[in-house]
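# An overview of the molecular structure
This is what each chain is made of:
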Amino acid sequence: MANPQLHPLEVNPKTGEPFLRLLAHKNIILTPLRLSDGPFLVSILNDEHVYPWLISPPYPYLPEHAEWWLNQVIPETDKLLAELEDARNDPTLKIVNGCPARVIREVKEDGTDIFLGEINLGLSHHWWELEGSGKASQETPRRDPNDPDIWMVGDYLASSHYGQGIMSDAFNTLLRQWGIPRMGVRRMVVSTLEGNKGSVRVFEKLGFKFRKTIDDTIEARGTMRGCACPGMDVGR
Ligand SMILES: CC(C)(COP(=O)(O)OP(=O)(O)OC[C@H]1O[C@@H](n2cnc3c(N)ncnc32)[C@H](O)[C@@H]1OP(=O)(O)O)[C@@H](O)C(=O)NCCC(=O)NCCS
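The following refers to the structure shown. Every chain's residues receive numbers from 1 upward, in the order its sequence appears when written. Totals for whole chains, interfaces and linings use all residues, but because this is a predicted model, local features are given only for residues with pLDDT of at least 70 and pairs of side-chain atoms are given and counted only at 80 or more. Only heavy atoms go into the side-chain values, all of them from the structure, while hydrogens and water stay out.

## Description of the pattern of salt bridges
By definition here, a salt bridge exists when the distance from a side-chain nitrogen of Lys or Arg to a carboxyl oxygen of Asp or Glu is within 4 Å. Tallied over the entire structure, the rule returns 13 salt bridges. Here Arg-105 and Asp-37 are joined by a salt bridge, their closest N and O atoms 2.8 Å apart. Taken together, the residues Arg-105 in strand 4 (residues 103–107) and Asp-37 in the loop between strand 3 (28–31) and helix 1 (38–44) connect sequence positions 68 residues apart. Each member of the pair, Arg-105 together with Asp-37, is buried. Between Glu-85 and Arg-88 there is a salt bridge, and its shortest N-O distance comes to 2.8 Å. Accessible area is worked out with a 1.4 Å probe on protein chains only. A residue is then buried under 20% of its type maximum, exposed over 50%, and partly exposed in between. Judged by its relative accessible area of 38%, Glu-85 is partly exposed. A single network of salt bridges, built from pairs that share partners, joins Lys-135, Arg-142, Asp-144 and Asp-147. Secondary structure elements follow DSSP: runs of H or I no shorter than four residues count as helices, runs of E no shorter than two count as strands, and numbering proceeds from the N terminus.

## A look at the site of the ligand
Around the ligand sit 23 residues in total, of which Asp-155, Gly-163, Ser-168, Asn-196 and Lys-205 are the nearest. Asp-155 places a main-chain nitrogen or oxygen 2.8 Å from a nitrogen atom of the ligand. Definition of a polar contact: a pair of N or O atoms within 3.5 Å, with one able to donate and the other able to accept a hydrogen when the atoms are protein atoms, and with sequence-neighbouring residues admitted only if both atoms are side-chain atoms. Leu-157 places a polar main-chain atom, nitrogen or oxygen, 2.8 Å from an oxygen atom of the ligand. For the accessible areas, the method is Shrake-Rupley and the probe is 1.4 Å, while residue cover comes only from the protein chains on display. Protein contacts shield 71% of the accessible area of the ligand, which totals 960 Å² for the unbound molecule. At the level of secondary structure, the elements contributing two or more residues to the shell around the ligand comprise strand 6 (150–157), helix 4 (166–183) and helix 5 (197–205). Per-element accounting of the shell around the ligand gives the leading share, six residues, to helix 5. Each residue is tested against the molecule or strand, and it is near if at least one of its non-hydrogen atoms lies within 4 Å.

## Regarding the nonpolar core
One recurring pattern in soluble globular proteins: nonpolar side chains tend to sit buried together. By size, the foremost hydrophobic cluster in this structure holds 37 residues, and its most contacted members are Ile-104, Ile-119, Phe-171 and Met-188. Broken down by secondary-structure element, the contributors of at least two residues to this core are strand 3, helix 2 (63–86), strand 5 (113–123), strand 6, helix 4 and helix 5. Residue contacts follow a heavy-atom distance rule, with two residues in contact if any of their heavy atoms lie within 4.5 Å. Among residues more than four places away in sequence, those in contact with Ile-119 are Leu-30, Arg-102, Ile-104, Val-153, Gly-154, Asp-155, Met-167, Ala-170, Phe-171 and Leu-174. Listed in part, the 16 residues of the second largest apolar core include Val-50, Leu-54, Val-103 and Ala-158. Buried Ala, Val, Leu, Ile, Met, Phe, Trp, Tyr and Cys residues that are joined via side-chain atoms within 4.5 Å together make up what is termed a nonpolar core.

Written out as structure tokens, the structure reads:
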């Protein structure tokens, strides 16, 4: 029997892989990262419609960068799944610090799927996201209801699939189905490089309110760039 602690993730009966189906795009699911995803990471993260808007991934994005990423994320996901397995018999659903399903995949009619991108909720750690919160840094979630942790999102999508509402749906599904109930997310402050209108629009559609733009926030590929920082208090 599937581990009840995975709720509301489903489990693929053929592969045993947990997944979360998007609320509006029923042919799109979130799953864990797979060892076979390396070439897709390399292709999408070298796309001129994608990489200029991301701070962390190096450019050019090489196979060794993908290998490093797989070696970071897959063990983290395995640890999270093991934690949920250990709690299998607990009567209440455990609050955890991440979601095992973070890769956006389109499921084809024959049941195969294609890698479309990633979305991940994590603790905000950039100073411009924490500014004004009274928090200088966040190492691990403190879970203090009087001073909720501040969470952020990191995401990107294959440019072949832009403008179809996929990221808005992925973010909404992940936040409502897992972030709020299973990670205890109560407050989010996200940021985009200035000028990233598509990303800002995704946040607006989810109910984020624009807080401010901070000039010259971070150096991205040799140029100082500003950041837009929308925020949202998330209901229980
Ligand atoms: C940002 C990104 C994730 C959006 O994904 P997506 O699936 O196309 O997003 P959605 O279709 O859900 O919504 C995009 C919205 O932005 C709008 N938009 C896109 N480009 C725009 C632009 N240049 N100006 C104004 N609005 C724009 C779209 O019209 C849509 O709004 P609508 O539904 O009101 O029409 C995707 O473009 C991407 O991966 N970009 C590169 C990486 C990135 O920026 N990641 C986020 C880092 S913070």
